[in-house]
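# Structure at a glance
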Amino acid sequence: MTSRCDWAGPEQIYLEYHDTDWGVPEYDSRALWEKLILDGFQAGLSWITILKKRENFRAAFVGFDPDVIAEWGEADVEHLLTDTGIIRHRGKIEATISNARAWQEIQAREGFDTFLWKYVDGKPLQNAWQTQSDVPTQTPLSVQISKDLKAEGFKFCGPTIVYAFMEAVGMVNDHLVTCHRYEDVSAMGR
């Protein structure tokens, strides 16, 4: 029997996400932005809810192209509020548009990937958690990144959201040491 992190499962979509995506270092600026936006939509919900709607989100938000989304306005918000395939939360939709504009600023200045990965010197932090209860929901680093993102104009990026994001995009390896993915993910990075 394959050993996984406690949060993974039992649904196949969850298992596949755990086994192929979660914790794998992501260095693409657009993909990082997409994941941060999805983590923001997750606020108050379970990740499985977002995961099941991820393809709908990608369609509704034109492949999460921040350059396109940055140009959107109220008519686009109203249209998205009628899309039953996504989470229809006005504040989160409006935040996505303003976050696209903030992303453009960072991307033009230094690259969103560079902005984020500089916090960990370009290499994933390696933890060695034994149990799920050992894993924090936020850290001083996620508090700092959250603060810095907010200073750049981002919304829906509190310290807990940021830490979940850091785990998902491989900035930190929080697979349990007993998980079959721990060693593989530990070996990844630049």
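Refer to the structure above for everything that follows.
Residues numbered from 1 in each chain as written. Predicted model: local features only at pLDDT ≥ 70, side-chain atom pairs only at ≥ 80, totals over all residues. Heavy atoms only, no water.

Moving on, we come to the packing of helix α2 (residues 29-42) against helix α9 (residues 159-168). Closest axis-to-axis distance for the α2/α9 pair is 9 Å, and the angle between their directions is 135 degrees. Classified by the angle between their axes, α2 and α9 sit oblique to one another. Relative to α9, α2 is oriented so that their crossing is right-handed. Contacts between α2 and α9 involve Leu 32, Lys 35, Leu 36, Asp 39 and Gly 40 on the former and, on the latter, Ile 161, Ala 164, Phe 165 and Ala 168. (Axes fitted to C-alpha atoms, helices over the stretch in contact; angles between N-to-C directions. Helix = DSSP H or I, 4+ residues; strand = E, 2+ residues; numbered from the N terminus. Parallel < 35°, antiparallel > 145°, perpendicular 65-115°, else oblique. Left-handed = near helix turned anticlockwise from the far one by under 90°. Contact = heavy atoms within 4.5 Å.)

Here the amide bond leading from Gly 9 into Pro 10 is cis, since omega sits at 5 degrees, within 30 degrees of zero. A positive phi angle, close to 55 degrees, is found at Phe 64, a residue other than glycine. Take Phe 64: it is sitting in the loop between α3 (47-60) and α4 (66-69). Positive phi values are uncommon outside glycine, yet Asp 121 reaches one of about 55 degrees. Among the secondary structure elements, Asp 121 is positioned in the loop between α7 (112-117) and β1 (125-126).

Its location among the elements puts Val 135 in the loop between β1 and α8 (140-151). For Val 135, a relative accessible area of 13% gives the class buried. Each C-alpha atom of the pair Val 135 and His 175 lies 9.2 Å from the other, and the pair is 40 residues apart in sequence. Leave out the neighbours within four places in its chain, and Val 135 touches Trp 129, Glu 167, Asp 174 and Leu 176. (Buried < 20%, exposed > 50% of the residue type's maximum accessible area, 1.4 Å probe, protein only.)

With that out of the way, let us pick up the nonpolar core. Residues Trp 33, Phe 57, Phe 61, Phe 112, Leu 149, Phe 154 and Met 171 are the most contacted members of the largest nonpolar core, which totals 53 residues. Leaving out residues up to four positions away in the same chain, Met 171 has contacts with Leu 116, Trp 117, Val 120, Lys 123, Pro 124, Leu 125, Ile 145, Phe 165 and Met 166. (Core = buried A, V, L, I, M, F, W, Y, C linked by side-chain atoms within 4.5 Å.)

We now examine the pattern of salt bridges. This structure, assessed with the given rule, holds 14 salt bridges. The salt bridge involving Glu 55 is made with Arg 58; its shortest N-O contact spans 2.6 Å. Here Glu 55 pairs with Arg 58, and both are found in helix α3, just three residues apart, close to one helical turn. Take Arg 58: its relative accessible area is 27%, and that puts it in the partly exposed class. Close ionic contact of Asp 184 with Arg 181 constitutes a salt bridge, the shortest N to O distance being 3.7 Å. One network of salt bridges, in which partners are shared, links Arg 30, Glu 34, Glu 55 and Arg 58. (Salt bridge = Lys/Arg side-chain N within 4 Å of Asp/Glu carboxyl O.)

This paragraph deals with empty space enclosed by the protein. Which parts of space are left empty comes out when a probe the size of a water molecule is rolled across the atoms. Evaluation of the coordinates by the stated rule reveals one cavity of 30 Å³ or more. The wall of the largest cavity is formed by Leu 36, Ile 37, Gly 40, Phe 41, Lys 92, Ala 95, Thr 96, Asn 99, Lys 155 and Phe 156. Taken together, the elements giving at least two residues each to the lining of the largest cavity come down to α2 and α6 (90-109). Of the residues assigned to the lining of the largest cavity, the class counts are five nonpolar, three polar and two charged. (1 Å grid on protein atoms, 1.4 Å probe; cavity = no way out; pocket = protein on both sides within 12 Å on 5 of 7 lines; lining within 4 Å. Points joined across faces, edges and corners; volume = space filled by probe spheres on them. Nonpolar A, V, L, I, M, F, W, Y, C, P; charged D, E, K, R; others polar.)

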